[in-house]
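One letter stands for each residue in the lines below.
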Amino acid sequence: MVVFFTCSAKGMAKFGLFYKNARNTILSLGHKINRDWIDHSINLAKRGILEKSTDTHYSNVVAAIMTADAVIVDSTVPSMAIGHQATLALQNDKPVLLLKLKQKGVNMDKLFIEGSGAKNLEVFEYSTPSQMKNIVEIFFKKYETRPKKRFNLVLTGYLNNYLSWASFFYKKTKTDLIHECVGKTLEKDSHYKKYLSRNK
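Now for a quick tour of the structure. (Residues numbered from 1 in each chain as written. Predicted model: local features only at pLDDT ≥ 70, side-chain atom pairs only at ≥ 80, totals over all residues. Heavy atoms only, no water.)

What follows deals with the pattern of salt bridges. Counted under the stated rule, the structure contains eight salt bridges. One salt bridge in this structure joins Arg23 and Asp39, with 4.0 Å as the shortest N-O distance. Taken as a pair, Arg23 in helix H1 (residues 12–28) and Asp39 in helix H2 (residues 38–46) lie far apart in primary sequence, 16 residues in all. Put simply, Lys172 and Glu180 hold a salt bridge, and the shortest N to O gap is 2.7 Å. Look at the salt bridges and you will find they share partners, linking Lys20, Arg23, Asp36 and Asp39 into a network. (Salt bridge = Lys/Arg side-chain N within 4 Å of Asp/Glu carboxyl O. Helix = DSSP H or I, 4+ residues; strand = E, 2+ residues; numbered from the N terminus.)

Structure follows, in structure tokens:
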């Protein structure tokens, strides 16, 4: 699966090793992270620098969420940014795993998003790296066999008439014809290819 992993940059100095462990767990289980920024942010935190958003930061994050099969959020340090990212993922039917590190003497309040009742939202607390790995493994097993995405497509009469004719003439289903059309557009889309190559 392609995974978007996120956490709060504000907690990087204190919790960076936990975040890195989560990142490494995702990769060790054979999955891909499409926006891998943790090491860079940890290095900045070691020098006392908090990573700041740039003009392209928001669009890069949204693009990563849209091209991910699943989203994993470490919400040990809650923030509006990661709450927004999780909400955006859920609104686009992405399964979201919300992780929280249990800390001695710290009572963690429920996050606002936990009250959403979203069917694709999983929330777990972990105390050890092995416990976190087990949670992530269960999450992947639950969602990696999800069926293909379905959506409603509204067409003008003109386009629908063409699809009906082409389906009959070429002996293909309307779905197959639409798949071919999108596939050809994707192959010609240099912007999307550039995005993919940047996140290999």
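It is worth spelling out the packing of helix H6 (residues 157–170) against helix H7 (residues 174–188) at this point. Where H6 meets H7, the axes come as close as 9 Å, and the angle between the chain directions of the two elements is 105 degrees. In terms of orientation, H6 and H7 fall into the roughly perpendicular class. Two secondary-structure elements touch here, H6 through Asn160, Leu163, Ser164, Ala166 and Ser167 and H7 through Lys174, Leu177 and Ile178. (Axes fitted to C-alpha atoms, helices over the stretch in contact; angles between N-to-C directions. Parallel < 35°, antiparallel > 145°, perpendicular 65-115°, else oblique. Contact = heavy atoms within 4.5 Å.)

A rise of 1.5 Å per residue sets the reference length of helix H5 (residues 129–143), with its 15 residues, at 21 Å; its end C-alpha atoms lie 21 Å apart and thus fit the reference within 8%. Packed against the buried residues of H5 are strand E1 (2–7), H1, strand E3 (70–74), strand E4 (96–101) and strand E5 (121–126). (Expected span 1.5 Å × (residues − 1).)

Turning our attention to the pairing of E4. For E4, a buried count of six out of six residues is recorded, marking the element as mostly surrounded by other parts of the structure. Side chains Val96, Leu98 and Lys100 project from E4 onto one buried face, and the interleaved Leu97, Leu99 and Leu101 project onto a second face that is buried too. Two strands pair when backbone bridges link them, and E3 and E4 are joined in this way by four bridges, in the parallel orientation. Its bridge partner lying in E4, Ile72 is registered against Leu97. Bridging between E4 and E5 involves six bridges; their strand directions are parallel. Its bridge partner being in E5, Leu98 is matched across the sheet by Val123. (Buried < 20%, exposed > 50% of the residue type's maximum accessible area, 1.4 Å probe, protein only. Pairing = 2+ DSSP bridges.)

The strand order E2-E1-E3-E4-E5 describes an open sheet built from five strands, whose pairing is parallel. Two strands close off the open sheet at either side, each with one partner strand: strand E2 (32–33) and E5. Alignment of E1 against E3, held across five bridges, turns out to be parallel. The residue bridging Thr6 from the neighbouring strand is Val73, located in E3.

This paragraph deals with the packing of aromatic side chains. Tallied over the full model, the rule gives nine aromatic pairs. Their ring planes at 35 degrees and their centres at 6.0 Å tell us that Tyr162 and Trp165 sit as a pair that is tilted. In this pair, Tyr162 and Trp165 are both assigned in helix H6, three residues apart and thus about one turn of the helix distant. With a relative accessible area of 41%, Trp165 lands in the partly exposed category. Seen in terms of ring centroids, Trp165 and Phe169 are 4.8 Å apart; in terms of plane orientation they differ by 15 degrees. Their pairing is stacked. You can see Trp165 and its partner Phe169 sitting in helix H6, four residues apart, about one turn around the helix. Grouped by ring-pair contacts, the aromatic residues Tyr162, Trp165, Phe169 and Tyr170 constitute a single cluster. (Phe/Tyr/Trp six-rings, centres within 6.5 Å; stacked < 30°, edge-to-face > 60°.)

Met12, Tyr19, Ile38, Ile72 and Leu99 are the most contacted members of the largest nonpolar core, which has 27 residues in total. At the level of elements, E1, H1, H2, E3, E4 and H5 are the ones that each hand at least two residues to this core. In terms of residue count, the dominant contributor to this core is H5 (six residues). (Core = buried A, V, L, I, M, F, W, Y, C linked by side-chain atoms within 4.5 Å.)

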